[in-house]
Amino acid sequence: MSQLTQSSAWKALAQHKQSIESQHMRTWFEQQPDRAERYSLSAAGILLDYSKNRVNDDTLALLFGLAEQQQLEQAIKRMFAGEEINTTEQRAVLHTALRADRHSPQWQQQSDCLSQVQASLDKMELFVDAIIQQRWLGYTGKAITDVVSIGIGGSFLGPKVASEALKPYWSDALTVHYVANVDGTAIADKLAQLDPQTTLFITASKSFGTQETLANTLSARSWFLSHGASLPDVAKHFVAVSSNIEAATEFGISPDNIFPMWDWVGGRYSLWSAIGLPIALQIGFKHFKSILAGAQDMDEHFRTAPFEQNMPVIMGLLGIWYTNFFDAHSHVILTYDHYLRALPGYLQQLDMESNGKNVTRAGVSVDYATGPVIWGGEGTNGQHAYHQLLHQGTRVIPADFILPLRSHNPVGTHHDMLASNCFGQSQALMQGKTLDEAKLELASSPLSEQQAELVAHHKVMPGNKPSNTLLIEQSTPYSLGAIIALYEHRTFVQGVVWELNSFDQWGVELGKQLGNQVLDAIAKEEQGVHLDGSTRSLISKFNQAKLNKN
Ligand SMILES: O=P(O)(O)OC[C@H]1O[C@H](O)[C@H](O)[C@@H](O)[C@@H]1O
């Protein structure tokens, strides 16, 4: 048994769970008229209402006790101080430095790092302005109208989600496109829409060794060169963002065209760095800085607020409560904002790559559940699909509802309808429907008494399903920065409690290694004798199909 599950804080929570298990949130709301105010707080422009959770003051006190026992406060300090908390890779974790106020005394110790960040931001700003103001021209003297960002994972999801979320802020001068998948269809489809004279490619890769990104960049360059451009023109159309300057230069990117990144920024925490260049091109540098400002305010909140008023801490601990004491296997993010529709996919990488781990920092196997499956989608669409399972399925699935109070597109009463659906869903999850209520509802129906009795049982909803509601003023660069930083820190909190290293991702490696062996077997048209029977047979079918085509 691990120390964690044997600890007094853990055992106290397990015992407390037994004592509140039979209690219904419905009753709590009836008994506590101020429950919503009591369990709400604001930070960095976000209001969090966490009153529809299966917690009372005792639960929260016990959860804060767990956080204290796991030395969360010290862990937060260590992260902000730039200690090498990514122990398996011996790296600091300083994505917060990318959005820091470098004049703040808090950051004096990191002045070196902040100077590098500032230099990179300056380089980005000059570049973005030159492109948008049409001073940086393509090889035939035409202005750049399209930017293709080639990257995958953390070098893709953040910029893609932010660009999509901030459509109201797009500059008219440019369209930014994204290509991630190695599936040739992705790059072919994209290139078919573009003119090489007016297209700029950004290769975004921290390592500059990622198969998909390098393959797509090579294909883009071949297309560029086969459509009228010559080698010296490449410098006007290909730039890169990487921490591996050597590999990027060797690949053929001119050193002047390389924007730096650092090993103390994890890929999934990197949209604040030059990896965010496509965002800055799409919305302009001023708005890009607002994203950083929103994140900076959330950082300050996380660093300084007491646990009882600390949004990422509370959200992180609520997640622990359900994962470890209610056996919740997943967590759903429901964005009631069309602009934020891709956010769940981004948070999926952030959380699942960070806390999808089964050993502690000390390398000891855990005997408790860690990161849940993160999924979700756009409201109201999901209500007509998977919400059925949220309401009547057998699993506890904690939900986060995210809603902007104001729409960028105030069409008729659409926003009222959107908001009422959002609030109505969390209300339904919380209160459910009793058998008596279902029967009463059916009393005036034309159904026979027997049929009404049967249907009533199907209409019962247990309720007591937990959710948070996050309200933002509007989907702005600032609020997006704050939301993403909130979830980064929520993930951190959980990683600390579970004693994980949330900043490595060794699990991704095996698939890459084996994929390369298979690629070798395909290239040599072999079956790969050293591989297992299933993989050999699949390769053989694939190679056969290639031969048949030839
Ligand atoms: O930026 P890159 O080095 O190309 O890495 C891109 C992505 O690939 C990896 O497989 C990791 O799982 C991700 O965390 C990373 O963001």
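Definitions and cut-offs
Residues numbered from 1 in each chain as written. Predicted model: local features only at pLDDT ≥ 70, side-chain atom pairs only at ≥ 80, totals over all residues. Heavy atoms only, no water. Buried < 20%, exposed > 50% of the residue type's maximum accessible area, 1.4 Å probe, protein only. Helix = DSSP H or I, 4+ residues; strand = E, 2+ residues; numbered from the N terminus. Pairing = 2+ DSSP bridges. Right-handed = clockwise from strand over helix to strand, strands pointing away. Core = buried A, V, L, I, M, F, W, Y, C linked by side-chain atoms within 4.5 Å. Contact = heavy atoms within 4.5 Å. Near = heavy atom within 4 Å. Polar contact = N/O pair within 3.5 Å; in protein donor to acceptor, adjacent residues only side chain to side chain. Areas by Shrake-Rupley, 256 points an atom, 1.4 Å probe, with all protein chains shown as cover. Nonpolar A, V, L, I, M, F, W, Y, C, P; charged D, E, K, R; others polar. Axes fitted to C-alpha atoms, helices over the stretch in contact; angles between N-to-C directions. Parallel < 35°, antiparallel > 145°, perpendicular 65-115°, else oblique. Left-handed = near helix turned anticlockwise from the far one by under 90°. Domains from an automatic or database assignment. Salt bridge = Lys/Arg side-chain N within 4 Å of Asp/Glu carboxyl O. Expected span 1.5 Å × (residues − 1). UniProt positions renumbered as here; feature names shortened; annotations may be inferred.

A. Fine view of the pairing of strand β3 (residues 146–150). With five of five residues buried, β3 lies mostly within the body of the structure. Residues Asp146, Val148 and Ile150 line one face of β3 and the alternating positions Val147 and Ser149 line the opposite face, and both faces are buried. Pairing between β3 and strand β4 (residues 175–179): five bridges, direction parallel. From the neighbouring strand, Ile150 faces β4, where its bridge partner is Val179. As for the winding sense of the linkage, the β-α-β connection from β3 through helix α8 (residues 157–165) to β4 is right-handed.

B. Seen up close, the nonpolar core. Counting 120 residues, the largest nonpolar core has Leu281 and Phe492 as its most contacted members. The element contributing the most residues to this core is helix α21 (residues 477–497), with 11 residues. Leaving out residues up to four positions away in the same chain, Leu281 has contacts with Phe127, Val128, Ile131, Ile132, Val147, Ser171, Leu174, Val176 and Ile202.

C. Quick look at the site of the ligand. Around the ligand sit 14 residues in total, of which Ser155, Ser205, Ser207, Thr210 and Glu353 are the nearest. In this structure, an oxygen atom belonging to the ligand sits 2.6 Å away from a side-chain N or O atom of Ser155. Thr210 places a polar side-chain atom, nitrogen or oxygen, 2.5 Å from an oxygen atom of the ligand. When the ligand is considered free in solution it has 390 Å² of accessible area, and contact with the protein chains removes 88% of it. In terms of residue class, the shell around the ligand is made up of two nonpolar, nine polar and three charged.

D. Spotlight on the packing of helix α22 (residues 507–523) against helix α23 (residues 533–549). It is at 10 Å that the axes of α22 and α23 come closest, and there the two elements cross at 40 degrees. Comparing their axes, α23 and α22 come out oblique. In this structure, α22 meets α23 at a crossing whose hand is right-handed. Contact residues: α22 offers Val518, Ala521 and Ile522, while α23 offers Thr535, Ile539, Phe542, Asn543 and Lys546. Its residues assigned to classes, the contact of α22 with α23 comprises five nonpolar, two polar and one charged.

E. Looking closely at the side chain of His387. For His387, the position within the fold is in helix α17 (residues 387–392). Accessibility expressed as a relative area gives 2% for His387, which makes it buried. Not counting chain neighbours up to four residues away, the residues in contact with His387 comprise Leu334, Tyr336, Gly382 and Gln425.

F. How the structure looks around the domain arrangement of the protein chain. Each domain of the protein chain was delimited in the assignment, giving domain 1 (8–69 + 305–431 + 466–497), domain 2 (99–289) and domain 3 (506–549). Between the C-alpha centres of domain 2 and domain 3 there is a distance of 33 Å.

G. Layout of the sheet that holds strand β6 (residues 238–242). The strand order across the open sheet formed by five strands is β4-β3-β5-β6-β7, and the pairing between neighbours is parallel. Strand pairing shows two members of the sheet lacking a second neighbour, β4 and β7 (258–260), which therefore form its edges. On average, adjacent strands in this sheet sit at an angle of 20 degrees to one another, irrespective of strand direction. Here β3 pairs with strand β5 (residues 199–204) via five bridges, running parallel. Among the inter-strand pairings, Val148 is bridged to a residue of β5, identified as Phe201. The sheet strands contacting helix α9 (residues 184–191) are β3, β4 and β5, and the helix crosses β4 at an angle near 160 degrees. Each of β3, β4, β5 and β6 is contacted by helix α10 (residues 211–225), which is oriented at about 160 degrees to β5, the strand it contacts most.

H. A look at the environment of Lys190. Tracing the backbone shows Lys190 in helix α9. When its relative accessible area of 18% is taken as the criterion, Lys190 is described as buried. When the C-alpha atoms of Lys190 and Leu218 are compared, they prove to be 14 Å apart, with 28 residues separating the residues in sequence. The residues contacting Lys190, other than those within four sequence positions of it, are Val148, His177, Tyr178 and Val179.

I. Seen up close, the pattern of salt bridges. Counted according to the given criterion, the structure contains 20 salt bridges. For Glu73, the salt bridge goes to Lys77, with nearest N and O atoms at 3.4 Å. Note that Glu73 and Lys77 are positioned in helix α6 (residues 72–80) at a spacing of four residues, about one turn of the helix. Put simply, Asp34, Arg38 and Asp57 are held in one network by salt bridges that share partners.

J. Looking closely at α10. When the terminal C-alpha atoms of α10 are compared, their 21 Å separation across 15 residues agrees well with the 21 Å that a helix rising 1.5 Å per residue should span. By the burial criterion, the buried members of α10 are Thr213, Leu214, Asn216, Thr217, Ala220, Trp223 and Phe224.

K. The side chain of Asn53, seen in detail. Its place among the elements puts Asn53 in the loop between β2 (46–49) and α5 (57–69). Among all residues touching Asn53, those that are not within four sequence positions of it are Met25, Trp28, Arg35, Leu318, Tyr322, Pro466, Ser467 and Asn468.

L. Fine view of the UniProt feature "active site" (unreviewed entry) in the protein chain. Here, the residues flagged by UniProt with the feature "active site" (unreviewed entry) are Glu353, His384 and Lys512. For the annotated residues, spread through 160 residues, the largest C-alpha to C-alpha distance comes to 37.2 Å, inconsistent with a single compact locus. Counting through the fold element by element, Glu353 comes out in helix α16 (residues 343–355). Not counting chain neighbours up to four residues away, the residues in contact with Glu353 comprise Arg268, Gln348, Asp504, Gln505 and Val508.

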